[in-house]
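# Structural description and commentary
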Amino acid sequence: MTSTDLQLPLATSLHMVNGDMDPHALVVERRLSHMTEAYADSAAVAAAADDPVIYRAFEADVPHEASQLVYRTTIIEPGRVGAEFYMTKGHHHVVDSAEFYLGMSGTGVIVMQTRTGEVRVEEMPPGRAVHVPPGWAHRSVNVGAEPFVFLAVFFGNAGHDYASIERDGFAVRVLASPEGYRVV
Ligand code: PAN
Ligand code: ZN
């Protein structure tokens, strides 16, 4: 027996290496021009050629409503703006709420920060899961030479607050170093 007032289950195929999602409902594409304020080295921003794609995200067709779990894959290209690795804009959730992250391929880290300035950085190699608690802003960074791909699952009513990060930034940056990367 089926009930017509229940949403139907949704199955999608996630490509564990390149991050493709089939089917997907939404694609986010962010180029350098969409996030120039995020990078410290404004001369390197100005010198960058062809407005590169920094990352894309695929989102499943799940309603943005309370009690729903929306999920996205994100693919951050390898690259740097000056010494700073390609990364996401980063955000707080409008409704403080947790998020589940899972590394799928490539080499990356997640930077998390509370509104009072406490910072944590976790590596996200393939198969490593990170629970981002409510109240922690988060940004992902590709510190490797291949695309960095990960899954994120968040509550449908979380909402994304980019403005506070655009204004205040994160307290740390992830820069290239002889050892690979350093957090400064
Ligand atoms: C992720 C991010 C995704 C893109 O799915 O939305 O990686 O990063 P920005 O949203 O910061 O541009 C997530 O944290 N969702 O809540
Ligand atoms: Zn989030």
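This is a predicted model, so every value here is computed, not measured. (Residues numbered from 1 in each chain as written. Chains lettered and ligands numbered in written order. Predicted model: local features only at pLDDT ≥ 70, side-chain atom pairs only at ≥ 80, totals over all residues. Heavy atoms only, no water.)

## Observations regarding the side chain of Ser140
- Mapped onto the elements of the fold, Ser140 is located in strand β13 (residues 136-142).
- Discounting chain neighbours no more than four positions away, the residues touching Ser140 are Ile76, Met87, Thr88, Tyr101, Val109, Ile110, Met124, Phe148 and Phe150. (Helix = DSSP H or I, 4+ residues; strand = E, 2+ residues; numbered from the N terminus. Contact = heavy atoms within 4.5 Å.)

## Details of the sheet that holds strand β10 (residues 108-114)
- Taken together, the three strands give an open sheet; going across it, the order is β11-β10-β13, and neighbouring strands pair in antiparallel fashion. Among the strands making up the open sheet, the edge pair consists of β11 (119-123) and β13. For this sheet the average axis-to-axis angle between neighbouring strands, irrespective of direction, equals 20 degrees.
- Across seven bridges, β10 lies against β13 in antiparallel orientation. (Pairing = 2+ DSSP bridges. Axes fitted to C-alpha atoms, helices over the stretch in contact; angles between N-to-C directions.)

## Notes on the coordination of the zinc ion (ligand 2)
- Listed as protein donors to the zinc ion (ligand 2) are His91 (NE2), His93 (NE2), Glu99 (OE) and His138 (NE2); their distances from the metal cover 2.1 to 2.2 Å.
- Around the zinc ion (ligand 2), the six donor atoms sit at angles spanning 74 to 177 degrees, and that spread fits a shape best called octahedral.
- Here the donor residues for the zinc ion (ligand 2) map to a single chain with the spacing H-x1-H-x5-E-x38-H. In this pair, Glu99 sits in strand β9 (residues 99-105) while His138 sits in strand β13, placing the two residues 39 residues apart along the sequence. One exposure class covers both Glu99 and His138, and it is buried. (Donors = N, O, S within 2.8 Å, 3.2 Å for Na, K, Ca; no water. Tetrahedral: all angles 85-135°; square planar, octahedral: opposite > 155°, others 65-115°. Buried < 20%, exposed > 50% of the residue type's maximum accessible area, 1.4 Å probe, protein only.)

## Section: the environment of Ser140
- Residue Ser140 is classed as buried on the basis of its relative accessible area, which comes to 1%.
- Put simply, Ser140 and Thr73 are 67 residues apart on the chain and 12 Å apart in space, counted from C-alpha to C-alpha.

## Here we look at the pattern of salt bridges
- What the rule picks out here adds up to 10 salt bridges.
- Here Arg56 makes a salt bridge to Glu29, at a shortest N to O gap of 3.0 Å. Of this pair, Arg56 sits in strand β4 (residues 53-59) while Glu29 sits in strand β3 (residues 26-31), placing them 27 residues apart in sequence.
- By relative accessible area, Glu29 is classed as partly exposed at 34%.
- Here Glu84 and Arg173 are joined by a salt bridge, their closest N and O atoms 2.6 Å apart. (Salt bridge = Lys/Arg side-chain N within 4 Å of Asp/Glu carboxyl O.)

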